[in-house]
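Here is what each chain is made of, one letter per residue.
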Amino acid sequence: MANITRSPWLLHYDGSSCNGCDIEVLACLTPVYDAERFGIVNTGDPMQADIFLITGGVNEQNIPVVKQLYEQMPEPKVVVAVGVCACTGGVFKDCYNIIGGADQAIPVDIYVPGCAARPQAIIDGIVKAIGLFQERLENSEKESDKVG
Ligand code: SF4
């Protein structure tokens, strides 16, 4: 895992999931899996968030919400789609109001497969997201040094 210089804050949003993946995400935050040991902090505020973790696909009703949450997050940011529904629309793909995976609304960096996604896979996705966030943070600092 990359050496991190800042604890990334993580925003979890439930798109149109069945809640199966959400339960596994919550399990990751319990002492059993303890995802916070990798330095992340769970937040409900998109304006403070660095990592956007989304479960479930996007539909006609939530697509503006997903876009708005993403836009409210400061740069740099990383998006993690958790579970096959968030990756592709999954089992709900052919439902009348489902548009597809999270990448139909926003750019997704990391796809975590599974139905439901296993805690180990979710944590692996979070660790990858932390590394990518650190890389983007360093790049944006280099860019601002050039400008400044
Ligand atoms: S991937 Fe499976 S468990 Fe996760 S939200 Fe979709 S149907 Fe539910």
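The structure presented is a predicted model; accordingly, all values stated were derived computationally and were not measured.

(A) Structural detail: the overall build of the protein chain. Secondary structure summary: the protein chain contains 4 helices and 7 strands in total. Scanning the protein chain from its N terminus toward the C terminus, one meets helices and strands in the order β-α-β-β-β-α-β-α-β-β-α. The C-alpha radius of gyration of the protein chain comes to 15 Å, within 12% of the 15 Å expected for a compact globule of 148 residues. Over its C-alpha atoms, taken along the principal directions, the protein chain stretches across nearly 50 × 35 × 20 Å. In the protein chain, which comprises 148 residues, the share counted as buried stands at 47%. At a minimum sequence separation of 6, the contacts of the protein chain that also span at least 24 residues come to 80%. Approximately 7,600 Å² of the protein chain is accessible, and the part contributed by carbon and sulfur atoms is 52%. Charged side chains in the protein chain number 10 positive and 19 negative. The centres of these two groups are separated by 5 Å.

(B) Inspection of the site of the ligand at higher detail. The immediate surroundings of the ligand are formed by Ser17, Cys18, Gly20, Cys21, Val84, Cys85, Val91, Phe92, Gly114, Cys115 and Ala116. By residue class, the composition of the shell around the ligand is 8 nonpolar, 3 polar and no charged.

(C) Local environment of a negative patch on the surface. On the surface, Glu135, Glu138, Glu141 and Asp145 cluster together into a negatively charged patch. When you line up the elements, Asp145 lands in helix H4 (residues 119-147). Relative accessible area serves as the criterion here: at 61%, Asp145 is assigned to the exposed category.

(D) Quick peek at the environment of Glu135. Considering the arrangement of structural elements, one finds Glu135 in helix H4. In this structure the C-alpha to C-alpha distance between Glu135 and Cys87, which are 48 residues apart in sequence, comes to 23 Å.

(E) Seen up close, the nonpolar core. Core analysis: the biggest nonpolar cluster contains 22 residues, and Val82, Ile122 and Ile126 have the highest contact counts within it. If you list the elements that add at least two residues to this core, you get helix H1 (20-29), strand E3 (51-55), strand E5 (78-82), strand E7 (110-112) and H4. Discounting residues that sit within four places of it in the chain, Val82 has contacts with Cys21, Val25, Leu53, Ile54, Thr55, Gly56, Val112, Ala117 and Ile122.

(F) Structural detail: the sheet that holds E7. Taken together, the 5 strands give an open sheet; going across it, the order is E2-E1-E3-E5-E7, and neighbouring strands pair in parallel fashion. Two strands close off the open sheet at either side, each with one partner strand: strand E2 (41-43) and E7. The sheet shows a mean angle of 25° between the axes of neighbouring strands, direction not considered. Bridge count for strand E1 (residues 9-14) against E3 is 5 bridges, and the pairing is parallel. Note on E3: the bridge partner recorded for Leu11 is Phe52.

The rules behind the values
Residues numbered from 1 in each chain as written. Predicted model: local features only at pLDDT ≥ 70, side-chain atom pairs only at ≥ 80, totals over all residues. Heavy atoms only, no water. Helix = DSSP H or I, 4+ residues; strand = E, 2+ residues; numbered from the N terminus. Rg over C-alpha atoms; globule rule 2.2 N^0.38 Å. Buried < 20%, exposed > 50% of the residue type's maximum accessible area, 1.4 Å probe, protein only. Contact = heavy atoms within 4.5 Å. Areas by Shrake-Rupley, 256 points an atom, 1.4 Å probe, with all protein chains shown as cover. Lys, Arg positive; Asp, Glu negative; His and termini not counted. Charge placed at Lys NZ, Arg CZ, Asp CG, Glu CD. Near = heavy atom within 4 Å. Nonpolar A, V, L, I, M, F, W, Y, C, P; charged D, E, K, R; others polar. Patch = residues over 30% accessible without salt bridge, like charges linked within 9 Å, V, L, I, M, F, W, Y side chains within 5 Å. Salt bridge = Lys/Arg side-chain N within 4 Å of Asp/Glu carboxyl O. Core = buried A, V, L, I, M, F, W, Y, C linked by side-chain atoms within 4.5 Å. Pairing = 2+ DSSP bridges. Axes fitted to C-alpha atoms, helices over the stretch in contact; angles between N-to-C directions.

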